[in-house]
Amino acid sequence: MSLNETPSGERIHIGFFGCRNAGKSSLVNAVTGQDLAVVSAVKGTTTDPVKKAMELLPLGPVVVIDTPGFDDIGELGEKRVQKTKQILARTDIAILVVDGTAGLNQNDRQLLEIFQEKRVPYLIAYNKCDLGITVPDDPHSMAVSAAAGTNIFALKERIGHLVEEKAPRRLVGDLLRPNDFAVLVTPIDESAPKGRMILPQQQAIRDVLDAGAICVVTKETELAQTLEGLKKPPAAVITDSQAFAVVSKIVPDELPLTSFSILMARYKGFLKTAVEGMASLDRLQDGDSVLIAEGCTHHRQCNDIGTVKIPRWLNSLNGKKLDIHSCSGNEFPEDLSPFALVIHCGGCMLNEREMLSRMDRAVRQDIPFTNYGTFIAGVTGTLERSLRLFPEIHALLEA
């Protein structure tokens, strides 16, 4: 990913859903103005979700997703339907595409129930209005024609108004004042991507600059010299979680210190749940299963944090032998009941809706949920210090 691209996790996700041959792919192509999806009169042409990151006015950066037919049949059809349900976990806006000449069917109504259950804003696009159809008079419905291009602009305008206005989220900028120093500690080891910074580091640098503050980036090996060279104490020191134990010994106790992962958990809206989930560590028993989940897929290094370091920490905590499982990308289980704890990455590549959907899934099933940074701070004895920047969350440790 280049530095000038908006990451997927920061884009609005727009999913097009419906039955086979309702015209989903044709409507996606009409909305995007390009042949994003293959179209055919043959049912089931779209066999896997098709995604496109693009600029879509008036929304700005979005991800448009064309999904397989929800009425698909057979063993493969069932898998496609399951994939469609997975897509809904990250969908900010859902467009139900209905064959307007046939009207709503049972599968369409099932999709509407899922939209409502997941509280996803939605529109019902009755396609093929050029063939003369009747559209219900309700706020969610409108007539369109992918073939004739009818009401495509109006559909995009309606989509734009479905986006919920929220207060701007800040990764770290709200903790800084103009001309403050923020020191970012970014180890360059075998897990660091070649020739670039990881996404949370990129985002932190930009947010510090947007706050009018001064960003100083250094490695842990040069941190002491960096701090000595500053004319005033930094307002925040932010480190990679894996270097927390080393960095905490270098940074004086009176200086605010936290990690990129903890900031990301706050940014995505699940820091409170992550801190509460740490209480379960003392309750783990022999044979308990723990799920370690990552939102992205990448080549595993020999000392990978998710599959090597965290399992090592877990099994050395209290002498218990645990059953460690892992998942990555979109394969996050619906049923979490087999697990005594879920430890998730910071979710930088997941949008807010999907990250909160995963957290809610754990909360509803009464499964403790935490994240990499919170877990690492906890097992290295630095959690209390890393939360001082956030008094409301810090108070949870005293409760």
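Criteria and cut-off values
- Residues numbered from 1 in each chain as written.
- Predicted model: local features only at pLDDT ≥ 70, side-chain atom pairs only at ≥ 80, totals over all residues.
- Heavy atoms only, no water.
- Helix = DSSP H or I, 4+ residues; strand = E, 2+ residues; numbered from the N terminus.
- Buried < 20%, exposed > 50% of the residue type's maximum accessible area, 1.4 Å probe, protein only.
- Areas by Shrake-Rupley, 256 points an atom, 1.4 Å probe, with all protein chains shown as cover.
- Polar contact = N/O pair within 3.5 Å; in protein donor to acceptor, adjacent residues only side chain to side chain.
- Pairing = 2+ DSSP bridges.
- Axes fitted to C-alpha atoms, helices over the stretch in contact; angles between N-to-C directions.
- Contact = heavy atoms within 4.5 Å.
- Arc of directions from axis to C-beta.

**Some points on the overall build of the chain**
Point 1. Tallying secondary structure elements over the chain gives 14 helices and 14 strands in all.
Point 2. Put simply, the chain has 399 residues, and 50% of those count as buried.
Point 3. As presented, the chain carries roughly 18,700 Å² of accessible surface, and 51% of it is formed by carbon and sulfur atoms.

**Topic: the side chain of E294**
Point 1. Turning to its location among the elements, E294 is positioned in the loop between strand 11 (289-293) and helix 10 (305-317).
Point 2. At 3.0 Å, the side chain of E294 and the side chain of Y372 are in polar contact.

**Focus on the sheet that holds strand 13 (residues 341-344)**
Point 1. Read across the open sheet, the four strands follow the order 12-11-13-14; overall the sheet is parallel. Edge strands, defined here as strands with exactly one partner in the open sheet, are strand 12 (323-327) and strand 14 (369-371). The sheet shows a mean angle of 25° between the axes of neighbouring strands, direction not considered.
Point 2. Strand direction decides the pairing type here: strand 11 and strand 12, joined by five bridges, are parallel. For V290, the partnering residue across the bridge sits in strand 12 and is I324.
Point 3. Seen against the sheet, helix 10 touches strand 11, strand 12 and strand 13 and runs at an angle of roughly 145° to strand 11.

**Focus: helix 4 (residues 152-162)**
Point 1. By the burial criterion, the buried members of helix 4 are I152, L155, I159 and G160. Across the axial projection of helix 4, the buried residues extend over an arc of 140°, all falling on one side. Opposite the packed face of helix 4, turned more than 90 degrees from it, sit the exposed residues F153 and H161.
Point 2. Packing partners of the buried residues in helix 4 comprise strand 1 (12-18), helix 1 (24-32), strand 4 (93-99), strand 5 (122-127) and strand 6 (141-143).

**Notes on the sheet that holds strand 3 (residues 60-66)**
Point 1. With mixed pairing, six strands are arranged side by side in an open sheet as 2-3-1-4-5-6. Unpaired on one side and paired on the other, strand 2 (50-56) and strand 6 mark the two borders of the sheet. For this sheet, the mean inter-axis angle between neighbouring strands, taken without regard to orientation, is 25°.
Point 2. Against the sheet, helix 1 touches strand 1, strand 2, strand 3, strand 4 and strand 5, its axis set at about 150° to strand 1.
Point 3. In the packing of helix 4 onto the sheet, contacts are made with strand 1, strand 2, strand 4, strand 5 and strand 6, and the angle to strand 5 comes to roughly 165°.

The values reported here are purely geometric and, on their own, carry no functional implication.
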